[in-house]
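# Close look at the chain arrangement
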Amino acid sequence: MHLMKPLRIQEVDGSLSVVQTPVTTFIHTESGRQVVVVSTAHFGERTYFQQIVDDVTDYEQREFEVYLEGTEHDPAVGAPTAGEQAILTEMKRLRDVEQRRMTTALGWVSQREELRRPSWKASDLTDPDILRAAGADAMTYFLRRRRQMLDWPDERPWRDNSMRVVFAASNRMLARGVGTRRPHRNPQVEAFDRVLLDAREAVVVAAALATKRPAVLVWGAAHRFGIATALAEHGYYPQGDPRWHTVGHLPSMPISLAKRFLRRPPRPHPQFHPLRQLASADTTHRPTHAPS
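Remember, it's a predicted structure, so these values are computed and weren't measured experimentally.

Scanning all chains against the criterion turns up four aromatic pairs. Seen from their ring centres, Trp108 and Phe167 are 5.3 Å apart, and the 85° between their planes marks the pair as edge-to-face. Taken together, the residues Trp108 in the loop between helix H2 (82–106) and strand E6 (109–110) and Phe167 in helix H6 (residues 160–176) connect sequence positions 59 residues apart. Exposure class is identical for Trp108 and Phe167. Each is buried. Each ring, one from Phe142 and one from Phe192, has its centre 4.2 Å from the other, and the planes form 20°; the classification is stacked. Highlighted residues: Phe142 in helix H5 (residues 136–150) and Phe192 in helix H7 (residues 187–209), separated in sequence by 50 residues. Directly above the aromatic system of Trp152 lies the positively charged group of Arg101, at a separation of 4.1 Å from the ring centroid. The cationic tip of Arg117 hangs over the ring face of Trp120; the distance from NZ or CZ to the ring centre is 5.9 Å.

Below is the structure:
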């Protein structure tokens, strides 16, 4: 079950912790074909994403097909209605707000900006697909919760501490589990999760299995268990221990809560990776410098 952790948290330098995401190789029991799942954080230090790019590029040079998470592309059929467009516009606005909040709170960049390459295939549902499958009520409920978490006037920088608390708490919760998804008691949340998680995971696994070439799936860490479960149904099982990429330092919840209560802006978030470009191949296919 350890192999299926969406992420892990490692203590480093006494009072600091880092978040790490896994790279897992799955092997078909009969053919020996490989499917590599590169689990990612949606936000992280720029060097973290550069290491993932180097890693995936190495696989691509060895004739692996690369399948990328990403819902921001046009649907195959059917232009959105006026009502759908209003919801889609709000989805995009809140994504942009979240990216801005994470940049100001932690100095981090987003997966959707850093992990785009022309040869990588977006094998995912689109935003209109998700909206139509989940339903307007479930999506509206989801967006209302997102606004409560993200929307505040920019002249209140002390609210960035709230982002740090939410991020730290959610990552620690994920690190304690193995990624299993239990049905939610709220029917609107469950309707949304069935699409955001289950349906999207089925799409990317089907795409990866439709080709005979080995495949790399670059997908969010929260999808790791669902993808692994779907692969197991087709005879693919993890081989060996995962490798780990370091996202960055995890914010301190006590300090962030105190600053939030006192309405003081957070100090600059410490950087884990050296502030330099990573272009050399010597970072590829090696674990990041995980603390002991």
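A few words now on the side chain of Arg243. Among the secondary structure elements, Arg243 is positioned in strand E10 (residues 243–249). The class for Arg243 is buried, based on a relative accessible area of 17%.

Moving on, we come to the side chain of Asp160. Mapped onto the elements, Asp160 comes out in helix H6. One buried charge, Asp160, has no salt-bridge partner; the nearest side chain with opposite charge is Arg101, at 5.0 Å. Ignoring sequence-local partners within four residues, the contact set of Asp160 consists of Arg101, Thr104, Ala105, Trp152 and Pro266.

With that out of the way, let us pick up unusual backbone geometry. Of note, Glu63 is a non-glycine position whose phi angle comes to about 75°, a positive value. Tracing the chain through its elements places Glu63 in the loop between helix H1 (46–61) and strand E5 (65–68).

Conventions used here
Residues numbered from 1 in each chain as written. Predicted model: local features only at pLDDT ≥ 70, side-chain atom pairs only at ≥ 80, totals over all residues. Heavy atoms only, no water. Phe/Tyr/Trp six-rings, centres within 6.5 Å; stacked < 30°, edge-to-face > 60°. Helix = DSSP H or I, 4+ residues; strand = E, 2+ residues; numbered from the N terminus. Buried < 20%, exposed > 50% of the residue type's maximum accessible area, 1.4 Å probe, protein only. Lys NZ or Arg CZ within 6 Å of the ring centre and 35° of its normal. Lys, Arg positive; Asp, Glu negative; His and termini not counted. Salt bridge = Lys/Arg side-chain N within 4 Å of Asp/Glu carboxyl O. Contact = heavy atoms within 4.5 Å.

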